[in-house]
Amino acid sequence: MRASGPRYARMAIPLDLAELSLADPALAQAAALWDPAGAPIVLVTVVGPGPHASGLSGEAQDAALQALADDARARFGVPFQVAVLREHDPAATGDEALERCFAAHDIDLVVMRSHAPAFSDHWLPAHGRWLATHSARSLLLLR
């Protein structure tokens with residue numbers, strides 16, 4: 001899938017390590033919008049020091065995200081790079097960590113999958129909601 005509209009040179013896709021999949025619509029959409037003269041698309045995740053819901057820890061987290069990046073490059077023909085952000089309390093500082101990462105990579109567009117609203121969103125708002133209202137980047141939310 002290739003878009004005929006605007007292209008973006010610097011994109012990022014925030015991902016949850018517990019849900020890494022080539023079927024994530026954010027990967028295909030970002031690949032379609034990517035400018036071939038641009039930088040690799042950054043796959044980014046935020047993790048804490050303790051056990052992760054994915055069952056991965058330490059270097060295995062980096063390896064899992066890199067494996068997805070390698071598989072996505074093979075499928076979509078687009079370069080990907082990874083960033084694993086380690087935060088002491090990801091629930092409290094994850095959104096700000098993502099924004100710092102986006103600034104460091106001078107990201108034009110953040111592409112991410114949304115989730116169906118849940119009762120827990122009243123206490124822990126979704127990352128997409130926070131980014132849409134606080135980030136200086138353009139944001140494309142996909143269902």
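Here, every reference points to the structure presented above.
Residues numbered from 1 in each chain as written. Predicted model: local features only at pLDDT ≥ 70, side-chain atom pairs only at ≥ 80, totals over all residues. Heavy atoms only, no water.

**Q** Let's hear about the overall build of the protein chain: which residues, and what values?
**A** The helix and strand inventory of the protein chain stands at four helices and five strands. Along the protein chain, from the amino end to the carboxyl end, the secondary structure elements read β-α-β-α-β-α-β-α-β. Across the protein chain, the fraction of contacts at a sequence separation of at least 24, relative to all contacts at a separation of at least 6, is 79%. Of the accessible surface of the protein chain, which amounts to about 7600 Å², a share of 54% is contributed by carbon and sulfur atoms. (Helix = DSSP H or I, 4+ residues; strand = E, 2+ residues; numbered from the N terminus. Contact = heavy atoms within 4.5 Å. Areas by Shrake-Rupley, 256 points an atom, 1.4 Å probe, with all protein chains shown as cover.)

**Q** Explain the sheet that holds strand E5 (residues 138–142) residue by residue, including any values.
**A** Sheet architecture is open: five strands sit in the order E3-E2-E1-E4-E5, paired in parallel fashion. This sheet does not close on itself; its edge strands, each paired only once, are strand E3 (80–86) and E5. Averaged over neighbouring strand pairs, the angle between their axes works out to 25° when direction is ignored. Pairing of strand E4 (residues 109–113) with E5, which is carried by five bridges, proceeds in the parallel orientation. The residue of E5 that forms the bridge with Arg 113 is Leu 142. Strands strand E2 (41–47) and E3 of the sheet are contacted by helix H2 (residues 59–76), whose axis makes an angle of about 160° with E3. Sheet strands in contact with helix H3 (residues 90–104) are strand E1 (11–14), E2, E3 and E4, and its direction is about 160° off that of E2. (Pairing = 2+ DSSP bridges. Axes fitted to C-alpha atoms, helices over the stretch in contact; angles between N-to-C directions.)

**Q** Can you lay out the environment of His 52 for me, pointing to particular residues and giving the numbers?
**A** Here His 52 is to be found in the loop between E2 and H2. What makes His 52 buried here is its relative accessible area of 19%. When the C-alpha atoms of His 52 and Ala 18 are compared, they prove to be 8.0 Å apart, with 34 residues separating the residues in sequence. Discounting residues that sit within four places of it in the chain, His 52 has contacts with Asp 16, Leu 17, Ala 18, Val 47 and Gln 61. (Buried < 20%, exposed > 50% of the residue type's maximum accessible area, 1.4 Å probe, protein only.)

**Q** I'd like a description of helix H1 (residues 25–33), backed by residues and values.
**A** Within an α-helix, residues lying three or four positions from one another point in the same direction, as the helix has 3.6 residues per turn. Of the positions making up H1, those classed as buried are Ala 26, Leu 27, Ala 30, Ala 31, Ala 32 and Leu 33. If you follow the buried residues of H1, they end up packed against E1, E2, H2, E3, E4 and E5.

**Q** Tell me what's going on with H2, and back it up with residues and numbers.
**A** An ideal rise of 1.5 Å per residue puts 26 Å on 18 residues; H2 measures up with 25 Å between its terminal C-alpha atoms. Those residues of H2 that fall on the buried side of the exposure criterion are Gln 61, Leu 65, Leu 68, Ala 69, Ala 72 and Phe 76. One side of H2 holds all its buried residues, which, seen down the axis, span an arc of 100°. Projecting away from the buried face of H2 at angles above 90 degrees are the exposed residues Glu 59 and Ala 74. Among the structural elements, H1, E2 and E3 are those in contact with the buried residues of H2. (Expected span 1.5 Å × (residues − 1). Arc of directions from axis to C-beta.)

**Q** A description of the pattern of salt bridges should follow, citing residues and the corresponding values.
**A** Across all of its chains, the model carries six salt bridges by this definition. For Arg 10, the salt bridge goes to Asp 106, with nearest N and O atoms at 3.4 Å. Pair noted here: Arg 10 is in the segment before E1 and Asp 106 is in the loop between H3 and E4, with a separation of 96 residues, a long-range link. Owing to a relative accessible area of 43%, Asp 106 belongs among the partly exposed residues under this scheme. A salt bridge links Arg 100 to Glu 87, with the shortest nitrogen-to-oxygen separation between them at 3.2 Å. Here Arg 100 is found in helix H3, whereas its partner Glu 87 is found in the loop between E3 and H3, with 13 residues between them in sequence. (Salt bridge = Lys/Arg side-chain N within 4 Å of Asp/Glu carboxyl O.)

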